[in-house]
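One-letter residues, chain by chain:
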Amino acid sequence: MYQILEKRRLSSNVVLLVIDAPYVAKKAEPGHAQRAGRLAVDADGERIPLTISAYDRKKGTITIVVQEVGATTMKLGQMNEGDCLHDFVGPLGKASEFDGIKKAAVVGGG
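All residue numbers refer to position in the chain's written sequence, counted from 1. Note on the predicted model: pLDDT of at least 70 is required for a residue's local features to be given, and 80 or more for side-chain atom pairs to be given and counted; whole-chain, interface and lining totals, by contrast, use all residues. The basis for every side-chain value is the complete set of heavy atoms in the structure, and neither hydrogens nor water enter the calculation.

With that settled, the discussion passes to the overall build of the chain. A tally of regular secondary structure across the chain gives two helices and eight strands. Helix numbers and strand numbers start at the N terminus; a helix is a DSSP run of H or I with at least 4 residues, a strand a run of E with at least 2. Of the regular secondary structure in the chain, the N- to C-terminal order runs β-β-α-β-β-β-β-α-β-β. Relative accessible area decides the class of each residue, using a 1.4 Å probe on protein chains only: under 20% of the type maximum gives buried, over 50% gives exposed, and in between gives partly exposed. Burial statistics for the chain: of 110 residues in total, 34% are counted as buried. Any two residues having at least one pair of non-hydrogen atoms within 4.5 Å are treated as being in contact. Once local pairs closer than 6 in sequence are excluded, the contacts in the chain between residues at least 24 apart make up 67%. Carbon and sulfur atoms make up 51% of the accessible area of the chain, which totals about 6900 Å². Methods summary: accessible areas were calculated by the Shrake-Rupley approach with a probe of 1.4 Å, and residue burial reflects only the protein chains presented.

On to the pairing of strand β2 (residues 14–20). For β2, the tally of buried residues reaches six of seven residues, placing the bulk of the element in the interior. When DSSP finds two or more bridges between a pair of strands, those strands are recorded as paired. As paired elements, strand β1 (residues 2–11) and β2 share six bridges and run antiparallel to each other. Bridged to Ser11 within β2 is Val14. A loop of two residues connects β1 with β2, the two strands running antiparallel in sequence. For β2 and strand β6 (residues 61–67), the ladder comprises seven bridges, and the chain directions are antiparallel. Pairing of Val14 across the sheet is with Gln67, part of β6.

Buried residues of helix α2 (residues 71–78): Thr72, Thr73, Leu76 and Gly77, and no others. Viewed along the axis of α2, the buried residues span an arc of 145°, placing them on a single side of the element. Exposed and facing more than 90 degrees away from the buried side of α2 are Ala71 and Gln78. Throughout, the arc means the angular range of directions from the helix axis out to the C-beta atoms.

Let us now look at the confidence of the model for the chain. The score called pLDDT rates the predictor's confidence residue by residue, from a low of 0 to a high of 100. Looking at the chain, pLDDT values average 79 and 73% of them are 70 or higher. This model gives residues 104–110 a pLDDT under 50, and the stretch forms zero contacts once residues within four places in sequence are excluded.

The following block contains the structure:
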């Protein structure tokens, strides 16, 4: 099982989830997606694609941001810290390519 370690509500229908998923975090790269058939809230649940927003290889965590628009994303939004996802596999697909693009650091709030 893949435990939700942190949950933050970003707006009325958007939630950020930090999930314990060491095997996913080990292989994740920017822009990798959790493609269809790879995330399920429960054993009977629909499997949905979600993009990995962040990962921490040392902690073995990945972060996803979910907009609650359908049955499965609404179920995800109702889950709490300590709850576990039934299935979480990835990353799949090809990571986004950022050749020639410099990373910008955001400092302060302005």
